[in-house]
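This is what each chain is made of:
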Amino acid sequence: MMTNPDTGEEAKVTNNYRMTKRWVKEALVSEGLLDKIYKNTDLDAPAKIKVAQALSIIKAMDKYKIYSE
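Below, the structure is looked at part by part.

Parameters and conventions
Residues numbered from 1 in each chain as written. Predicted model: local features only at pLDDT ≥ 70, side-chain atom pairs only at ≥ 80, totals over all residues. Heavy atoms only, no water. Core = buried A, V, L, I, M, F, W, Y, C linked by side-chain atoms within 4.5 Å. Buried < 20%, exposed > 50% of the residue type's maximum accessible area, 1.4 Å probe, protein only. Helix = DSSP H or I, 4+ residues; strand = E, 2+ residues; numbered from the N terminus. Contact = heavy atoms within 4.5 Å. Salt bridge = Lys/Arg side-chain N within 4 Å of Asp/Glu carboxyl O.

### Examining the nonpolar core
A general trend in soluble globular proteins is that nonpolar side chains are found buried together.
Here is step 1 of the chain: Core analysis: the biggest nonpolar cluster contains 17 residues, and Met 2, Tyr 17, Leu 28, Leu 34, Tyr 38 and Val 51 have the highest contact counts within it.
Here is step 2 of the chain: Among the secondary structure elements, those contributing two or more residues to this core are helix 1 (22–30) and helix 2 (45–60).
Here is step 3 of the chain: The dominant element in this core, judged by the number of residues it contributes, is helix 2, at five residues.
Here is step 4 of the chain: With sequence-adjacent residues up to four places away left out, Tyr 38 is seen in contact with Tyr 17, Leu 43, Ala 47, Lys 50 and Val 51.

Set out below in structure tokens:
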């Protein structure tokens, strides 16, 4: 699970980029982990590897973690 630091919206994030919420895709670009938001037709093998690496990095960022009090 990740949380949007701007809105507080929570989203379950897997390595399936197609099912990822739009704000997570935008965050990947704004954090510099991806150069663009990929369309489903753009997801060839090299792009899938790049996306999977970016998702694993962003999920580990404190900014997007959910903390319970």
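Back to the text.
### Brief notes about the pattern of salt bridges
Oppositely charged side chains may form a pair once their charged atoms are brought near each other.
Here is step 1 of the chain: Counted according to the given criterion, the structure contains six salt bridges.
Here is step 2 of the chain: Glu 26 is the partner of Arg 22 in a salt bridge, and the nearest nitrogen-oxygen pair spans 3.4 Å. On the criterion of helical spacing, the pair formed by Arg 22 and Glu 26 is a turn pair, its members being four residues apart in helix 1.
Here is step 3 of the chain: Relative accessible area serves as the criterion here: at 41%, Glu 26 is assigned to the partly exposed category.
Here is step 4 of the chain: Asp 62 is the salt-bridge partner of Lys 65, the closest N and O atoms lying 3.7 Å from each other.

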